[in-house]
Each structure stands twice: as C-alpha cells, then as structure tokens.
Amino acid sequence: MYLKDNDLLPDLQSAYRGHHSTETAVLKVLSNILSALDTGNIAMMTLLDLSAAFDSVDHNTLLQRLRKSYGLGGKVIDWFTSYLSNRKQQVRTTTSSSVLSAVLFGVPQGLVLGPILFLLYTADLLQLVKRHHLTPHAYAADTQIYGYCQPSDAGSLILQVSVCTDEVSAWMKANQLQLNPAKTEVLWCASSRRQHQIPTGPDRVDDAFVSPVTAARDLGVYYYY
C-alpha cells in the first residue's frame, strides 16, 4: 500500500501487482511495436536473460536501496534486515542431508514479499534503458528492450542498443546480477513490405555476438517477424 500510494513502483515492471499481468505486459510491448511499424519504421527487440536472478540479490545493496530510493527507515528497515538475515539452507535426500549453510544472497521465494523486493532492487535498470532513448518492459526477471527507426537508420539503432546493453551488463555486475548473452535473443520486426530491409548480421550484446532470430518466445507468446 505504501509503495502504491506514493507511486514508487516502476511503471514498466509487471508481475506481482494488480493490473500488471503477462497479458498487459505483452499487449503493451506488442501495441508499441505495431504502432511503430504502421508509421513505416522497423523495430529491434532484445530479450535479456538473467542467470539465477532471484538468488543473486545482494542483501546489503537491497537494504541500502530501500532506505535511499524508497524512504524506508527505523523499525521498518530493522524488520527487513531481520527478514533477510540468518537464513540457512541445505540439500536433503531420502538418506542424508548436507551441512546447513548461510544464505548470503537472494530473496526468499514462495512468498509474496520476495518477488516484490526483487522488483524494487532492479527498478533503476529500467531508468537506465530509458536514458538511451529505448523502451524497456520487465516481467519479474524477464526484461525486453526495444526501439524503432527508419530502415536506413538500422545501423545507428544497433549501435544504440549495443551501448545500452553494455551499461545494463555493467549495472548488473555492480549489483551482483549476471546477464547471460548466450540465452539473450534479438528479434527484428517489420511490415511485410519492409521484410527485405531487416538487418541479418549478428548484434553485439555485452561480450557476445547474437544472431537475430525469426521467432522469439516471450511470456508464453511467440513473436515472429
């Protein structure tokens, strides 16, 4: 209630919130891309993949972000500190169990609060993408970055996205998250009469070169160019 009343939740981050479902996320992205194609543009969408995102959240960074970005303090921060601290885990089989080990990273899963904390932890990532004049949309740990241009400006858009993903990768490393270029996908979209103007060469995402795909699955929906 505090986050909603003070408009602190990121507007382009869906999941775990009322009226922010997979359907609304897909409709938002698809509507933006189709509107761009209707004006004669082509669109480039990059679907980022994060490795073990929920398990990589740094507790100290999260608590600091709750203080500085969301104005929480006092007993509230003490409660969150207690919620995240002194957790342990082990692996059990039918015949044995591993030694208990401290959980130093990650948000507890299986509860509503854990995913909400992840949304707050990664909210700055969306603002970073916007500063590159690209559009982000995230659903939990799945993040899409897309932009549009005239076919003749495709090279500039590719460079723009590459520079953006470099900063995204650096931000993730600084926040103990890991971008996985090997599972990241790039999809170009165009109207039928502009299909021949879609770039076919690989695009750089962080330290890897990713070849464009002809279809990509996102939130249970397949996009085709």
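For the structure, check the block above.
Report follows, based on the coordinates.

What counts as what
- Residues numbered from 1 in each chain as written.
- Predicted model: local features only at pLDDT ≥ 70, side-chain atom pairs only at ≥ 80, totals over all residues.
- Heavy atoms only, no water.
- 1 Å grid on protein atoms, 1.4 Å probe; cavity = no way out; pocket = protein on both sides within 12 Å on 5 of 7 lines; lining within 4 Å.
- Points joined across faces, edges and corners; volume = space filled by probe spheres on them.
- Nonpolar A, V, L, I, M, F, W, Y, C, P; charged D, E, K, R; others polar.
- Helix = DSSP H or I, 4+ residues; strand = E, 2+ residues; numbered from the N terminus.
- Axes fitted to C-alpha atoms, helices over the stretch in contact; angles between N-to-C directions.
- Parallel < 35°, antiparallel > 145°, perpendicular 65-115°, else oblique.
- Left-handed = near helix turned anticlockwise from the far one by under 90°.
- Contact = heavy atoms within 4.5 Å.
- Buried < 20%, exposed > 50% of the residue type's maximum accessible area, 1.4 Å probe, protein only.

Notes on the layout of surface pockets
Then step 1. The volume enclosed by the largest pocket comes to roughly 320 Å³.
Then step 2. Along the wall of the largest pocket there are 11 residues; nearest its centre are Leu3, Lys4, Leu9, Arg17 and Gly18.
Then step 3. Grouping the constituent residues of the lining of the largest pocket by class yields four nonpolar, three polar and four charged.
Then step 4. Taken as a whole, the second largest pocket holds about 250 Å³ of empty space.
Then step 5. In terms of lining residues, the second largest pocket is bounded by Asp55, His59, Leu84, Arg87, Lys88, Gln89, Val103, Phe105, Gly106, Val107, Pro108 and Gln109.

Regarding empty space enclosed by the protein
If you roll a probe as big as a water molecule over the atoms, it shows you where there is empty space left.
Then step 1. All chains considered together, the criterion is met by one cavity of 30 Å³ or more.
Then step 2. As a volume, the largest cavity reaches approximately 60 Å³.
Then step 3. In this structure, the largest cavity is lined by Gln13, Leu50, Phe118, Thr122, Leu125, Leu126, Ala138, Ala140, Ala141 and Thr143.
Then step 4. In terms of residue class, the lining of the largest cavity is made up of seven nonpolar, three polar and no charged.

So, unusual backbone geometry
In most cases, non-glycine residues show a negative phi, while peptide bonds are predominantly trans.
Then step 1. Of note in the backbone geometry, Gln176 takes a positive phi value of approximately 65° without being a glycine.
Then step 2. By the secondary structure assignment, Gln176 is in the loop between α7 (154–174) and β7 (185–189).
Then step 3. For Asp206, which is not glycine, the phi torsion reads 60° and is therefore positive.
Then step 4. With respect to the secondary-structure elements, Asp206 resides in the loop between β8 (203–205) and β9 (208–210).

Some points on the packing of helix α6 (residues 123–131) against α7
Two measures define how a pair of helices packs: the angle their axes make with one another and the distance between the axes.
Then step 1. Remark: α6 packs on α7, axes separated minimally by 10 Å, with the N-to-C direction vectors making an angle of 160°. Taken together, the axes of α6 and α7 are roughly antiparallel relative to one another. Every pair of crossing elements has a handedness; the one defined by α6 and α7 is right-handed. Residues Asp124, Leu125, Leu128 and Val129 of α6 form the contact with α7, whose own contacting residues are Cys164, Glu167, Val168, Trp171 and Met172.
Then step 2. Its residues assigned to classes, the contact of α6 with α7 shows seven nonpolar, no polar and two charged.

As for the environment of Leu66
Then step 1. With respect to the helices and strands, Leu66 occurs in helix α3 (residues 59–68).
Then step 2. Judged by its relative accessible area of 0%, Leu66 falls in the buried class.
Then step 3. Note: C-alpha distance between Leu66 and Asp142 (76 residues apart in sequence) is 22 Å.
Then step 4. The contact partners of Leu66, leaving out residues within four places of it in the chain, are Gly71, Leu72, Ile77, Phe80, Leu117 and Leu120.

Observations regarding the side chain of Asn175
Then step 1. Within the secondary structure, Asn175 sits in the loop between α7 and β7.
Then step 2. Apart from residues no more than four positions distant in its own chain, Asn175 is found in contact with Ser56, Thr61, Arg65 and Tyr121.

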